[in-house]
Structure formats: C-alpha cells, structure tokens
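Each chain, written out:
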Amino acid sequence: MAKSVLVTGASGGIGSEICEVMSGEGFDVIGIDREPSQWTQGFASALDDPDLLTLLKRRFELQGLTAIVHSAALQVFGDMHVQSPNVWRDVMHANLFSLNDLVGAFRSELSSNRGAVVAVSSVHSSSTRRGIGVYAVSKAALDGWVKSASLELAPFVRVNSV
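A brief structural summary. Computed from a prediction, not measured in an experiment: that's the story for all the values here. (Residues numbered from 1 in each chain as written. Predicted model: local features only at pLDDT ≥ 70, side-chain atom pairs only at ≥ 80, totals over all residues. Heavy atoms only, no water.)

1. Quick notes on the nonpolar core
Counting 28 residues, the largest nonpolar core has L6, L56 and W145 as its most contacted members. For this core, the secondary structure elements donating two or more residues are β2 (28–32), α2 (52–59), β3 (65–70), α3 (85–105), β4 (116–119) and α5 (133–153). Once residues within four sequence positions are removed from consideration, L56 is found in contact with L6, I30, I32, F43, L62, L102 and F106. Core analysis: the next-biggest nonpolar cluster, separate from the first, contains twelve residues, V7, A10, C19 and V29 among them. (Core = buried A, V, L, I, M, F, W, Y, C linked by side-chain atoms within 4.5 Å. Buried < 20%, exposed > 50% of the residue type's maximum accessible area, 1.4 Å probe, protein only. Helix = DSSP H or I, 4+ residues; strand = E, 2+ residues; numbered from the N terminus. Contact = heavy atoms within 4.5 Å.)

Right, dumping it as structure tokens:
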C-alpha cells in the first residue's frame with residue numbers, strides 16, 4: 001500500500017510547493033483545489049462542496065492516507081463589522097471547518113497509518129493589522145483547533161501547525 005497525502009489548496013503557491021516536496025518524498029499526492037492543476041489530477045472541487053468527502057472516497061485509494069496538509073485559505077479584506085454573515089461563514093469554512101471535516105472523515109485511515117495533520121496557520125493568528133480581522137480570527141481559531149485535535153487524536157495521529 002502506497003503512502004498518500006491529501007493537500008488542500010494544492011494549486012496555490014504554498015500548496016503546490018507542499019505537493020512537490022511530498023511527491024519527491026515518495027507520497028502519492030491527492031490535491032484538492034477549486035482550480036485544476038497538475039496536483040488535482042483533474043479533480044477540481046471547492047472545500048464547501050457537500051459531495052467532496054464522497055467524491056474523494058470514490059475517486060482515490062485512501063487506505064494509505066498518512067497525512068493531511070491544510071494549506072487552503074480564504075482571506076477577505078475590510079473591517080470585520082462590515083463583513084456579512086456569509087463572508088464570515090465562507091472564511092471559517094475554508095480556513096477551519098473543512099479541515100475538521102476531512103480529519104473526521106479520514107480519522108480511521110490516519111490512525112491506522114500513525115499519520116499526521118499539518119495546518120498552515122498565519123502570523124495574523126496572534127499579531128495582525130486592521131482590515132483582515134475575519135482572516136485573523138479564523139487563523140486564531142485554527143490554532144486552537146490544532147491544540148485540541150492534538151490532544152484528541154494522540155497518540156495515533158500527530159497534529160501541528162506551521
């Protein structure tokens with residue numbers, strides 16, 4: 001059984017570099033992104049697609065899933081008080097909830113393979129500036145999720161942020 005890694009944001013700058021490195025280390029890369037690229041294998045899907053988990057399970061061999069790397073992110077600009085509830089929901093889903101959904105769906109595979117979850121955080125989770133508050137809040141929440149998930153999934157799955 002080949003080792004595989006699921007990378008969100010696989011077509012973006014950070015995500016595609018992660019895919020490149022993981023591929024070079026011998027992992028089969030399963031890339032997820034709204035934009036197709038060499039890493040998505042023709043599979044372009046948004047993280048908020050209600051069928052995403054079902055599609056992943058049907059399309060890819062996930063028994064060897066060893067890691068999930070969450071590099072996808074949505075950043076909106078503007079003061080928090082002018083952002084609609086839909087914007088807040090979209091940012092929180094892209095930056096946090098989607099990772100929780102993926103880890104929940106593939107917890108068994110990650111545990112069996114003594115896997116890892118890596119979340120790409122941001123300096124804005126602890127030190128930010130005006131105009132990107134929604135993003136900063138979502139990344140602070142992501143850091144809190146990482147701390148809690150590392151306790152809940154130990155000792156079989158390691159969870160960290162970078």
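2. Remarks on the environment of S126
As for its placement among the helices and strands, S126 is situated in the loop between β4 and α5. A C-alpha to C-alpha distance of 9.5 Å links S126 and D143, two positions 17 residues apart in sequence.

3. Thoughts on helix α1 (residues 13–24)
Between its first and last C-alpha, α1 extends 17 Å over twelve residues, near the 16 Å set by a 1.5 Å rise per residue. What α1 keeps buried is the set G15, I18, C19 and M22. Looking straight down α1, one finds its buried side chains confined to an arc of 100°; they lie on one side. Exposed and oriented more than 90 degrees from the buried face of α1 are G13, E17, V21 and G24. Looking at the buried positions of α1, the neighbouring elements they touch are β1 (4–8), β2 and β3. Positive backbone phi, at 95°, marks G26, one or two positions downstream of α1. (Expected span 1.5 Å × (residues − 1). Arc of directions from axis to C-beta.)

4. Re the environment of E17
As for its placement among the helices and strands, E17 is situated in helix α1. Judged by its relative accessible area of 51%, E17 is exposed. As a C-alpha pair, E17 and S127 span 110 residues in sequence and 25 Å in three-dimensional space.

5. With respect to the packing of α3 against α5
Closest axis-to-axis distance for the α3/α5 pair is 9 Å, and the angle between their directions is 15°. Between α3 and α5, the crossing angle belongs to the class labelled roughly parallel. In the packing of α3 onto α5, the handedness of the crossing is right-handed. Across the interface between the two elements, W88, V91, M92, N95, L96, L99, N100 and V103 from α3 touch V134, Y135, V137, S138, K139, A141, L142, W145 and L153 from α5. Residue composition of the contact of α3 with α5, grouped by class: 13 nonpolar, three polar and one charged. (Axes fitted to C-alpha atoms, helices over the stretch in contact; angles between N-to-C directions. Parallel < 35°, antiparallel > 145°, perpendicular 65-115°, else oblique. Left-handed = near helix turned anticlockwise from the far one by under 90°. Nonpolar A, V, L, I, M, F, W, Y, C, P; charged D, E, K, R; others polar.)

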